[in-house]
Amino acid sequence: MALTVLLDVDGTLVDNSYIHTLAWWRACRDLGVAVKMATVHRLIGMGADQMVPALIGEALPGLDDAHARHYRAHLADVPVLPRASELIAELHRREATVTVATSGGPEDLRVLLAKIPSSALLDHVVSGADVGETKPAPDVAVVAMGASGADPSSAVLVGDTRWDVEAAARAGIPCVAVCTGGWSEQELRAAGAVEVHDDVAALLAGLDDSHIGRRSGWATPRR
């Protein structure tokens with residue numbers, strides 16, 4: 001069975017982790033909740049169902065809507081990370097199944113994917129709206145594997161946060177991590193990432209000898 005590569009989006013393919021941080025901080029301020037930006041940042045990567053209780057200890061009506069309002073004010077400015085489009089195209093060229101697996105909502109996700117020229121090559125797209133619980137719960141990865149016809153022996157997740165790594169582990173698959181979400185290599189490895197790259201451009205540059213390449217049989221023969 002060909003390898004299935006599950007791709008996170010926020011902080012992995014597009015550079016928006018700190019925009020989310022600011023939007024959540026402003027949303028909390030709007031509703032009279034004092035939080036530190038550093039605290040908010042460490043929770044980026046969770047969906048709202050997981051993040052709001054983790055951030056303030058309970059559900060707070062209106063907080064998710066306030067975040068969406070602040071975030072969407074900057075959505076058009078979110079840049080695609082270098083070579084993200086080329087990574088999707090190269091994985092497709094090598095006949096991997098390429099599936100988005102994100103905690104983000106479908107409306108914002110459509111805008112972000114439209115910025116990535118090769119997104120038309122994606123085999124499947126799974127968002128937070130398709131699951132019962134978002135990351136670090138395993139649901140996104142499990143549903144994405146199901147959509148792709150994959151099992152844990154033939155799948156790997158590429159993400160940028162501890163929550164991606166934990167979600168992958170709970171789904172029984174490895175996580176290859178990138179540092180573009182603001183988590184360090186040491187933190188991502190400590191969380192259980194099997195491999196860490198500076199960004200998806202570095203992953204693409206070393207794809208043959210990466211964990212993905214080795215599992216797919218693309219690795220350069222060693223002499």
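Let us look at the structure shown here. (Residues numbered from 1 in each chain as written. Predicted model: local features only at pLDDT ≥ 70, side-chain atom pairs only at ≥ 80, totals over all residues. Heavy atoms only, no water.)

1. Some details on the packing of aromatic side chains
Considering all chains together, one arrives at one aromatic pair under this definition. Across the ring face of tryptophan 183, the terminal group of arginine 42 is positioned such that the distance to the ring centre comes to 3.8 Å. In this structure, arginine 94 is placed above the aromatic ring of tryptophan 218, and the distance from its NZ or CZ to the ring centre is 4.8 Å. (Phe/Tyr/Trp six-rings, centres within 6.5 Å; stacked < 30°, edge-to-face > 60°. Lys NZ or Arg CZ within 6 Å of the ring centre and 35° of its normal.)

2. Here we look at helix 4 (residues 63-72)
For helix 4, the set of buried residues is Leu63, Ala66, His67, Ala68, His70 and Tyr71. If you follow the buried residues of helix 4, they end up packed against helix 1 (17-30), helix 3 (48-56) and helix 6 (106-114). (Buried < 20%, exposed > 50% of the residue type's maximum accessible area, 1.4 Å probe, protein only. Helix = DSSP H or I, 4+ residues; strand = E, 2+ residues; numbered from the N terminus. Contact = heavy atoms within 4.5 Å.)

3. Some words on the sheet that holds strand 2 (residues 97-101)
Read across the open sheet, the six strands follow the order 3-2-1-4-5-6; overall the sheet is parallel. Each having just a single partner strand, strand 3 (124-126) and strand 6 (195-197) make up the two edges of the open sheet. Averaged over all pairs of adjacent strands, the angle between strand axes in this sheet comes to 20 degrees, irrespective of strand direction. In this structure, strand 2 lies alongside strand 3, joined through three bridges in parallel fashion. By the bridge assignment, alanine 101 is partnered in strand 3 with valine 126. (Pairing = 2+ DSSP bridges. Axes fitted to C-alpha atoms, helices over the stretch in contact; angles between N-to-C directions.)

4. Digging into the environment of arginine 162
By secondary structure assignment, the location of arginine 162 is in helix 8 (residues 162-171). For arginine 162, a relative accessible area of 34% translates into the label partly exposed. A C-alpha to C-alpha distance of 8.7 Å links arginine 162 and arginine 42, two positions 120 residues apart in sequence. With residues near it in sequence (within four places) discarded, arginine 162 still touches Trp183, Leu188 and Ala191.

5. Here we look at the pairing of strand 4 (residues 155-159)
Summarising burial for strand 4: five of the five residues are buried, a large majority. Alternating residues of strand 4 divide into Ala155, Leu157 and Gly159 and Val156 and Val158, and every residue in both groups is buried. By the bridge criterion, four bridges tie strand 1 (residues 4-7) to strand 4 in an arrangement that is parallel. If you follow leucine 6 over to strand 4, its bridge partner there is leucine 157. Pairing geometry for strand 4 and strand 5 (residues 175-178), over three bridges, is parallel. Bridge assignment links valine 158 to a residue of strand 5, and that residue is valine 176. As a crossover connection, the stretch from strand 4 through helix 8 into strand 5 is right-handed. (Right-handed = clockwise from strand over helix to strand, strands pointing away.)

6. Notes on the pattern of salt bridges
Scanning the entire structure with this criterion turns up 13 salt bridges. A salt bridge links glutamate 187 to arginine 42; the nearest nitrogen and oxygen atoms lie 2.4 Å apart. Separated by 145 residues along the polypeptide, glutamate 187 in helix 9 (residues 185-191) and arginine 42 in the loop between helix 2 (37-41) and helix 3 bring together distant segments of the chain. The partner of glutamate 166 in a salt bridge is arginine 162, and the shortest N-O contact between them spans 2.6 Å. (Salt bridge = Lys/Arg side-chain N within 4 Å of Asp/Glu carboxyl O.)

7. Notes on the environment of leucine 60
Following the sequence through the fold, leucine 60 ends up in the loop between helix 3 and helix 4. In this structure the C-alpha to C-alpha distance between leucine 60 and lysine 115, which are 55 residues apart in sequence, comes to 32 Å. Excluding anything up to four places from it in sequence, leucine 60 contacts Leu31, Val33 and Val52.

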